[in-house]
Amino acid sequence: AQRAEMREYRRLLYVALTRARDWLILCGYETKRGMHKDAWYPYLHAAAARIGKEEINDEGESVIVLGAEMPTKPSTKRKDTKKDRSTPLPTFLSTLPRSDEIRRQIVRPSDALGNTPDESEPAALSPLTDSSGQRFRRGLLIHALLAMLPNVPPPERARTGRHYLSSRGVQDEDAGALMDEVIGVLDDSEFASLFNEHSRGEIAITAALPELGIGVSVSGQIDRLALSENKIMIADFKTNRPAPHSVEKIPAIYRAQMALYRAALSKIYPGKHISCALIWTDGPRAMRLPDSLLDEEFQKIIERQTPRNTG
């Protein structure tokens, strides 16, 4: 790691040396113990001593020069500036810059819902009331496995998952049942692309959404993303939340979240079809959200946001 860091450090010096048009000015420092042996200056000094030539500057100092000779001091003879003083200064020099009149706003799922009380996130399963916390802990373990195992080759997933569960104190029989459920989600033909070697986890996104008003954008983090030539699939994990039995029962805040993510990705990847799913760890169970539902939800968000960002 140290060698790689030093290679990058010297590569930056190479970039500076090869990009300078006329001059490269390098400033450094010394401590009481002198200059660091790996500083840029010793490299340059050694190279200059080998291929440069020594000159005496205007202060009588000996310097090593590469390329053209050093310029002499600029003339100190005073120029007649009367003519220049009669020329008025351009107006931009005396004009204050205009402030940014666009009000920047990051829209979040709760904002998109208008903060209506009945549309809040459903209550989490309590670790104190569900069978001595086993259901709560189970959801956390499933979430961890779904996040970890996509980075493991499929033939090794069951063994790796069991080893992880064993390190968390899960007994063989319980671990086997848990892994069967997790592998069932990972291998589901409809959602397998979310968990293969080409997918990615915890992807941060930001995109402007002019449909919601000038200066409005969305920012968030996607738990799983699979990108192919013509389509994108994304999923968000919902840990320790009671899983609904149908798409129609999905809480509005989750629908708004996925509608915003889908709209943001359509700006980042125009022309690609984007499908969305929720992975409920209280199961576990994967649930695809229909395009028509997300289209309808995004239209509702537009209608709620438009009055705030007009006039």
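Residues numbered from 1 in each chain as written. Predicted model: local features only at pLDDT ≥ 70, side-chain atom pairs only at ≥ 80, totals over all residues. Heavy atoms only, no water.

J.: Explain the pairing of strand β2 (residues 62-65) here, please?
T.: Moving residue by residue along a regular strand, the side chains alternate between the two faces of the sheet. Here four bridges tie strand β1 (residues 53-56) to β2, and the two strands are oriented antiparallel to one another. Note on β2: the bridge partner recorded for E54 is I64. Linking β1 to β2, which pair antiparallel, is a turn of five residues; within it G60 sits at a positive phi near 80°. (Pairing = 2+ DSSP bridges. Helix = DSSP H or I, 4+ residues; strand = E, 2+ residues; numbered from the N terminus.)

J.: Would you take a moment to explain the packing of helix α5 (residues 134-148) against helix α7 (residues 172-186) for this structure?
T.: Between two packed helices, both the angle of their axes relative to each other and the distance between the axes serve to describe the pair. The interhelical angle for the contact between α5 and α7, taken along N-to-C directions, is 45°, at an axis separation of 11 Å. Here α5 is positioned oblique relative to α7, judged by the angle of their axes. At the point where α5 passes α7, the crossing takes the right-handed sense. Across the interface between the two elements, R138, L141, I142, L145 and L146 of α5 pack against L178, M179, E181, V182, V185 and L186 of α7. By residue class, the composition of the contact of α5 with α7 is nine nonpolar, no polar and two charged. (Axes fitted to C-alpha atoms, helices over the stretch in contact; angles between N-to-C directions. Parallel < 35°, antiparallel > 145°, perpendicular 65-115°, else oblique. Left-handed = near helix turned anticlockwise from the far one by under 90°. Contact = heavy atoms within 4.5 Å. Nonpolar A, V, L, I, M, F, W, Y, C, P; charged D, E, K, R; others polar.)

J.: Where do I start with α5 in this structure?
T.: Residues lying three or four places apart along an α-helix face the same way, a consequence of the helix completing one turn every 3.6 residues. Under the 1.5 Å per step criterion, the end-to-end length of α5 is 21 Å for 15 residues, consistent within 8% with the ideal 21 Å. Within the span of α5, buried status applies to G139, L141, I142, L145 and L146. Relative to the axis of α5, the buried residues are bounded by an arc of 165° and lie together on one face. Packing partners of the buried residues in α5 comprise α6 (154-167), α7, β6 (231-238) and β7 (273-280). (Expected span 1.5 Å × (residues − 1). Buried < 20%, exposed > 50% of the residue type's maximum accessible area, 1.4 Å probe, protein only. Arc of directions from axis to C-beta.)

J.: Can you walk me through the nonpolar core in this structure?
T.: Side chains of nonpolar character tend, in soluble globular proteins, to be buried together. L212, I234, L260 and F298 are the most contacted members of the largest nonpolar core, which totals 39 residues. Of all elements in the fold, only β4 (200-208), β5 (216-227), β6, α8 (252-268), β7, β8 (285-289) and α9 (291-305) reach the threshold of two or more residues within this core. Looking at this core, the element that brings in the most residues is α8, giving 11 residues. In this structure L260 touches V107, R108, P109, A112, L209, L212, V218, F298 and I301, once residues within four positions along its chain are discounted. Core analysis: the next-biggest nonpolar cluster, separate from the first, contains 25 residues, L165, M179, A226 and I279 among them. (Core = buried A, V, L, I, M, F, W, Y, C linked by side-chain atoms within 4.5 Å.)

J.: When you look at the packing of helix α1 (residues 2-19) against helix α2 (residues 40-51) in this model, what are you seeing that I'm missing?
T.: At a closest axis distance of 11 Å, the pairing of α1 and α2 adopts a crossing angle of 55°. In terms of axis orientation, α1 runs oblique to α2. Helix-helix and strand crossings are classified by hand; for α1 and α2 the assignment is right-handed. Within the contact between the two elements, α1 uses Y9, R10, L12, L13 and L17 and α2 uses W40, Y43 and L44.

It is worth stressing that arrangement in space is one thing and function is another; only the former is reported here.
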